[in-house]
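Listed below are the residues making up each chain.
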Amino acid sequence: GVMCRGDRTRAAASVVAESAHSIMRAWLSLVSTPAILLSALLAGRPAVAGVGVGVAPTYPALIEVGDTDIPVGLSITNTSTTPESGGTLTLGLIRHTPSCGMDTPVPCSAADADPGVFLIKGPATGQAGTACGGMTFTIGTPDATTGEVEFIPSTPVVLAPVGSGTMTGCTINFFVDVLKLPTKDGSNAPGLQTDQLGRVRGVSSVNMVMGTGTGSGLTTVIEPTPTPTETPTETPTETPVPTRTRNPQGSACFDASDCVTDCCCDLECQPSQSCSLGVCNTPTPTVTITPTPTKTPGPNDCCECSDAGLTCSQPNAGQCNLVCPDGTPPAIVPNSVCAGSPPTTPGTPSAPGMGGCATKTPTNTPTATATPECLGIGPLGLPNLIPGYCGPLSTDCLAEICMYPPAPLRPNGLPDNHIACSDGDPTCDAGPAGDHECVFIFRACFNLIDLEVRFFCSASGPVTEVRLANPPEGHPKTSVDVENRDAFEAAMMGLGATVSGFTKRSMLFNPPLAASICSGPIPVTLRLKQNPKTLVYSARKFRYNYRVFRASGRFDGDHLYLRCNP
């Protein structure tokens, strides 16, 4: 960001000029002006003020329309010079414009205004280690013309004197969604760019001098990556309907189509009737019972008939290859297998007396017992736990993620938190094929300081609170958000948590959770995008994020970057 540019010099000069003018005017109004008194006045005049504030919006260099919950920030720094550099700087105004067609002037002019490119979202919090660490900021209503918002701190932000390390600055972290492409290009570079603007006002503790600062950043926004669509190899053509001719009276009609619209044998027959020798005949209806399962069976389900022998069979290509003797549809028994051998010929009834469906442990969904398979040795054991990668690894063992299937490894040997799956892939999608969504399964694990041997970690429990940040726990946006939130809260309640609050909703452990333990399976549903015009489905990305707190207020955040492909 631009560190005050000319504003600092102009503000300083303006303050000095106004101060000198005010002192002179007050003095002259009280006494006469002999030379000795004027000399004394000028000798005691304050030194030239040097209040400076640096502002730097921090957005990714390249983002895509449709991306959500992108972490961004606004950094503010005390850049004052002598004598104000030796005092603190109290911020009185913090404003930010997420998209503008030019980087000057600040605030964005109406001619360059380009609102609606980004949606600014909370929580807005001060970054740890800066002057506003631990503070929360309320995001004001966007300006109707420019989209500018104000960050209102929970307590006044006071920047330390220059030279005091990171405490001379404040970084506000928040999130944005990318709603659309910019309508005004903020740069001559290839593609579409938009400028982010910031402006701040502060008062120095030295002489109570006020100064302002502005800054800008630049981001390239691109269209969503299109998903290639399959071109049908053959376009079906309609079969022409033959022209019907009237049959002579007394002759027989050879099929029912002769009696659909015109006179057949001099009679108007209904579409369902046939005509023979001048008589419209109504056929006797034939009832055909087609067994229809109550749901589409999956690869781990079993089809069962409730006859005396409890016949059963395994699904074939997603369909029950079983016809019950009484003509009723077979029942679908989840997570089960035939007690005996299924029929060898699909479409034929199973031999009676096979014992029905026996429950089995699913092969692609974690079992309900939490701890052993995630914290033990095995395909889902401790070596495959994902630290979550929010902050340094030294704090990443308070909470980790047990993912099914195991995540791919990074070059450093630790599992990655970027997981991709395709709709219907049984190795990673726990839902049925063809439902245009992916259901990921994971477990949340806690208090791993005594078990973690892959890296050094000092984050000890117990756990007092868990907050689901995305989807937002207190104000979910869609029905899928509600479904994913409820699944996460149910898993936490299974470990003894209680849900508290409404808009500021979280899960509290009382007493605190001290055991090294993992939750039950937590499903996360991610639906494919669909073009409203072409109805074509494309990939969707989502950042799943929750924070795990200790009694000290410090937290370990866990992130999963999920992608569902068609």
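Refer to the preceding data block for the structure.
Procedures and definitions
Residues numbered from 1 in each chain as written. Predicted model: local features only at pLDDT ≥ 70, side-chain atom pairs only at ≥ 80, totals over all residues. Heavy atoms only, no water. Helix = DSSP H or I, 4+ residues; strand = E, 2+ residues; numbered from the N terminus. Areas by Shrake-Rupley, 256 points an atom, 1.4 Å probe, with all protein chains shown as cover. Expected span 1.5 Å × (residues − 1). Buried < 20%, exposed > 50% of the residue type's maximum accessible area, 1.4 Å probe, protein only. Contact = heavy atoms within 4.5 Å. 1 Å grid on protein atoms, 1.4 Å probe; cavity = no way out; pocket = protein on both sides within 12 Å on 5 of 7 lines; lining within 4 Å. Points joined across faces, edges and corners; volume = space filled by probe spheres on them. Nonpolar A, V, L, I, M, F, W, Y, C, P; charged D, E, K, R; others polar. Pairing = 2+ DSSP bridges. Salt bridge = Lys/Arg side-chain N within 4 Å of Asp/Glu carboxyl O. Polar contact = N/O pair within 3.5 Å; in protein donor to acceptor, adjacent residues only side chain to side chain. Disulfide = S-S within 2.5 Å. Core = buried A, V, L, I, M, F, W, Y, C linked by side-chain atoms within 4.5 Å.

Trainee: Is there a simple way to think about the overall build of the chain in this case?
Mentor: When helices and strands are counted, the chain shows four helices and 33 strands. For the chain, the exposed area adds up to about 28300 Å²; of that, 59% sits on carbon and sulfur atoms.

Trainee: I keep staring at helix H4 (residues 479-493) and nothing clicks. Help me out?
Mentor: What sets the pattern is the α-helix's 3.6 residues per turn: residues three or four places apart point alike. Compared with the 21 Å implied by 1.5 Å per residue over 15 residues, the 21 Å span of H4 between its first and last C-alpha is a close match. For H4, the set of buried residues is Val-480, Asp-481, Asn-484, Arg-485, Ala-487, Phe-488, Glu-489, Ala-491 and Met-492. Next to the buried residues of H4 lie strand S24 (437-446), strand S25 (463-470), strand S26 (498-500), strand S27 (506-513), strand S29 (522-527) and strand S32 (540-549).

Trainee: Where do I start with the layout of surface pockets in this structure?
Mentor: The gaps left among the atoms become clear once a water-sized probe is rolled over them. In this structure, the second largest pocket occupies an estimated 780 Å³ of space. Around the second largest pocket, the lining is made up of 29 residues, and of these Glu-64, Asp-67, Lys-529, Ala-539 and Lys-541 lie nearest the centre. Mapped onto the lining of the second largest pocket, the elements with two or more residues apiece are strand S3 (70-78), strand S30 (529-530), strand S31 (537-538), S32 and strand S33 (555-565). With four residues, the single largest contributor to the lining of the second largest pocket is S32. When its residues are assigned to classes, the lining of the second largest pocket shows eleven nonpolar, ten polar and eight charged.

Trainee: Even after reading the chapter, I still don't get the environment of Val-106, so can you show me in this structure?
Mentor: For Val-106, the position within the fold is in the loop between strand S4 (89-100) and strand S5 (118-126). The exposure class assigned to Val-106 is partly exposed, which follows from its relative accessible area of 21%. Sequence separation between Val-106 and Ser-216 is 110 residues; the distance between their C-alpha atoms is 8.7 Å. Setting aside anything within four residues of it in sequence, one finds Val-106 in contact with Leu-197, Gly-198, Arg-199 and Thr-214.

Trainee: Can you walk me through the sheet that holds strand S18 (residues 331-333) in this structure?
Mentor: One key point about sheets: their strands pair by backbone hydrogen bonds, in either a parallel or an antiparallel sense. A sheet is described by the order of its strands in space; here three strands give the open sequence S15-S14-S18, paired in antiparallel fashion. A single partner strand is all that each edge strand has here, and the edge strands are strand S15 (312-313) and S18. Note: strand S14 (residues 302-304) against S18, three bridges, orientation antiparallel. Bridge pairing in S18 links Cys-303 to Ile-332.

Trainee: Explain the pattern of salt bridges to me, please; I cannot follow it from the model alone.
Mentor: Overall, the coordinates contain 13 salt bridges when judged by the stated rule. Close ionic contact of Lys-477 with Asp-177 constitutes a salt bridge, the shortest N to O distance being 3.2 Å. Here the residue Lys-477 occupies a position in the loop between S25 and H4, and Asp-177 occupies one in strand S9 (residues 169-178), the gap between them amounting to 300 residues. One network of salt bridges, in which partners are shared, links Asp-69, Lys-121, Asp-177 and Lys-477.

Trainee: How should I be thinking about the side chain of Arg-485 in this particular structure?
Mentor: Its place among the elements puts Arg-485 in helix H4. Side chain to side chain, Arg-485 and Asp-486 meet in a polar contact 3.2 Å long. Setting aside anything within four residues of it in sequence, one finds Arg-485 in contact with Leu-468, Pro-471, Glu-473, Pro-476 and Arg-505.

Trainee: Just checking my understanding: could you explain the side chain of His-96 for this structure?
Mentor: Within the element layout of this structure, His-96 appears in strand S4. Within polar-contact distance, the side chain of His-96 engages the side chain of Tyr-59 at 2.8 Å. When neighbours within four sequence positions are excluded, His-96 is seen to be in contact with Pro-57, Tyr-59, Leu-74, Ile-120, Gly-147, Glu-148, Val-149, Phe-151, Phe-174, Gln-196, Leu-197 and Gly-198.

Trainee: Sorry if this is basic, but what is going on with the state of the cysteines here?
Mentor: Each disulfide consists of one covalent bond between the sulfur atoms belonging to two cysteines. Inspection of the entire model under this criterion finds six disulfides. What pairs with Cys-100 in a disulfide is Cys-108, and their sulfur atoms sit 2.1 Å apart. Sign of the S-S torsion, about 80° for the bond between Cys-100 and Cys-108, identifies this disulfide as right-handed. The class of Cys-100 is buried, set by a relative accessible area of 1%. The buried category is assigned to Cys-108, whose relative accessible area is 6%. A sulfur-sulfur distance of 2.0 Å marks the disulfide that ties Cys-397 to Cys-457. Sign of the S-S torsion, about -85° for the bond between Cys-397 and Cys-457, identifies this disulfide as left-handed.

Trainee: Sorry, what's going on with the nonpolar core here?
Mentor: Where a protein is soluble and globular, its nonpolar side chains tend to be buried together. The biggest cluster of nonpolar side chains holds 48 residues, and the ones touching the most others in it are Phe-442, Phe-446, Val-466, Phe-488, Met-492, Tyr-544 and Tyr-546. Top contributing element to this core by residue count: S24, with six residues. Each residue touching Phe-446, except ones within four places of it in the same chain, is listed here: Leu-398, Ala-399, Val-463, Val-466, Met-492, Leu-495, Leu-513, Ala-515, Ser-516, Ile-517 and Val-548. Within the second largest apolar cluster, 33 residues are counted, among which are Val-65, Ile-120, Ala-131 and Val-178.

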